[in-house]
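Structural description and commentary
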Amino acid sequence: MNILILGGGGREHALAWAIKQNPKTDRLIVAPGNAGIAMLAEVADLDVLDAAAVVAFCAENAVDFVVVGPEAPLAAGVADATRAAGILTFGPSAEAARLEASKAFTKEICDACGAPTAAYVRFTEAGPARAYVKAQGAPIVVKADGLAAGKGVIVAMTEAEALDAVDDMFGGEFGAAGAEVVIEEFMTGEEASFFILTDGVNALAIGTAQDHKRMGDGDTGPNTGGMGAYSPAPVLSEVVQAQAMAEIVLPTIREMARRGTPYQGVLYAGLMIEGGRGRLVEYNARFGDPECQVLMMRLGAQALDLLLACAEGRLDQARVNWADDHALTVVMAAKGYPGAYQRGSMIHGLERLPEDSRHMCFHAGTLEKDGQILANGGRVLNITARGASLEEARNRAYGMIDHLDWPEGFCRSDIGWRGLARD
Ligand code: AMP
Ligand code: GLY
């Protein structure tokens, strides 16, 4: 079949890598893709937020299956448009993607279905929000309701920080995303991500992972989109997964269906785990990046069969074949990220990296120019490895990094530390 993946980061490189290995794949196109993706698939210059353009592209290229990577095209209704045009599509409708696009909506769903999450209040004006912060005290969490490129959440350790966040949000710092603000209880515990495929009725757990959001070793420095990840996440034990499935995921799926807006795609549940029990931090309507890279490394070619079963509404018949393995990915970023950074530096040594079912360098932000790979983003490469143990996966990934010569880049040296500390 002919498959179109929308997106151009490390997540989409990993999806393309896994899908390409499946014999069902004839033609594989990724839009817009990147230099790494171009080594294994066709790349197309297509505005992925333009639903009509995506539908027209599918018709011209006889696309049988569309996989939507990032949240922006989901929120823009691209999956609705391709499905309406009769094209099999993996990814939720814009209505269902509100589970990511609106924090207030997610809270409303949690209330309606009884899913455990932080206590909260919604605000549309600064005055009452400030009064609430003063009454509650710190630590407290202030969230812009809408999509703010991962920057709309302030975990305030002091009251002053929380008040500043309220003022910034109502002052327009996050544009329309901050017109409504959710203020919630600060939850303690260990955070991990649970990935579930759902066709709107059936749910299939496809793995757990833990991300590293801070820029620096020891979880210090500013927040980023994620500096590395590993799967499985031991804190998300079988028991916690069963509890999260029964108390959070399944009730959410049923509530979305009951409202006439069934959720189809991957549901990424960010959980805070304490005392052997998970509470919902947030939902995302897409695979995590870089969590997807470690999930794809473990799933391999069967990922396509699972995405198809999801899109075709037959997840009740799907099974995941698990290898007893571990995967870990280290993000290499341009120096300066997540602040200002330079584009265009040359990355040397990529040809020395092994590429097989145990080692893969996924490209997140790269550009090819005259045969040379250049950095073209903040997060640039995802050095990913698989092993029989987390330690083996970690050693393989860092071993690959030793082959690279890229003075303008950096990475954390402690990816996987929480999981390794448990061994
Ligand atoms: P979000 O964009 O909702 O993922 O929030 C970003 C990060 O803020 C999460 O991954 C958590 O680390 C943290 N966070 C969000 N909500 C809470 C909460 N209620 N309590 C503690 N930490 C939180
Ligand atoms: N790595 C976190 C995310 O994709 O939202």
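Described in the following lines is the structure provided in the data block. Note that this is a predicted model, so its numbers are computed, not measured. (Residues numbered from 1 in each chain as written. Chains lettered and ligands numbered in written order. Predicted model: local features only at pLDDT ≥ 70, side-chain atom pairs only at ≥ 80, totals over all residues. Heavy atoms only, no water.)

1. Focus: the overall build of the protein
Defined as follows: The helix count covers DSSP runs of H or I at least four residues long, the strand count covers runs of E at least two residues long, and both are numbered beginning at the N terminus. Only protein chains enter the calculation, and the probe is 1.4 Å; a residue is then buried if its accessible area is under 20% of its type maximum, exposed if over 50%, and partly exposed in between. Contacts are assigned to residue pairs that have any heavy atoms within 4.5 Å of one another. Each accessible area is a Shrake-Rupley estimate made with a 1.4 Å probe; only the visible protein chains count as cover when residues are assessed.
The helix and strand tally for the protein stands at 13 helices and 22 strands. The dimensions of the protein, computed from C-alpha atoms along their principal axes, are 60 × 50 × 40 Å. Within the protein, buried positions represent 57% of all 423 residues. Of the contacts made within the protein by residues no fewer than 6 positions apart, 69% connect residues no fewer than 24 positions apart. Only carbon and sulfur atoms are counted for the fraction: they give 50% of the accessible area of the protein, which is about 16300 Å².

2. A few points about the packing of aromatic side chains
Applied cut-off: Only Phe, Tyr and Trp rings take part, Trp by its six-membered ring, and two of them pair if their centres are within 6.5 Å. Stacked means planes under 30 degrees apart, edge-to-face means over 60, and tilted covers everything else.
Under the defined criterion, the tally for this structure stands at 6 aromatic pairs. On the basis of an interplanar angle of 50° and a centroid distance of 4.7 Å, the ring pair of F195 and Y268 is categorised as tilted. With a gap of 73 residues between them, F195 in strand β10 (residues 190-198) and Y268 in strand β15 (residues 265-274) connect regions that are remote in the sequence. The same class applies to F195 and to Y268, which are both buried. Summarising the aromatic geometry, the rings of F195 and F287 are spaced 6.4 Å apart at their centres and angled 25° between planes, so their arrangement reads as stacked. Of this pair, F195 sits in strand β10 while F287 sits in the loop between β16 (277-284) and α10 (291-299), and the two are 92 residues apart along the sequence. Taken as a pair, F195 and F287 share a single burial class, namely buried. One aromatic cluster is present, built from ring pairs that chain together F90, F195, Y268 and F287.

3. A closer look at the sheet that holds strand β2 (residues 28-32)
We count it as follows: Whether two strands pair depends on DSSP finding at least two bridges between them. To get an axis, a line is fitted to the C-alpha atoms, and for a helix only the part in contact is used. The angle between two axes follows their N-to-C directions and goes from 0 to 180 degrees.
Reading across the sheet, the 5 strands line up as β3-β2-β1-β4-β5 and stay open at both edges, with parallel pairing between neighbours. For this open sheet the edge positions go to β3 (42-43) and β5 (88-90), each flanked by a neighbour on one side alone. By the bridge criterion, 4 bridges tie strand β1 (residues 3-7) to strand β4 (residues 65-68) in an arrangement that is parallel. Bridging from a neighbouring strand, L6 pairs with V68 of β4. In the packing of helix α2 (residues 51-60) onto the sheet, contacts are made with β1, β2 and β4, and the angle to β1 comes to roughly 155°. Strands in contact with helix α11 (residues 302-311) are β1, β4 and β5; relative to β5, the strand with the most contacts, it is inclined by about 110°.

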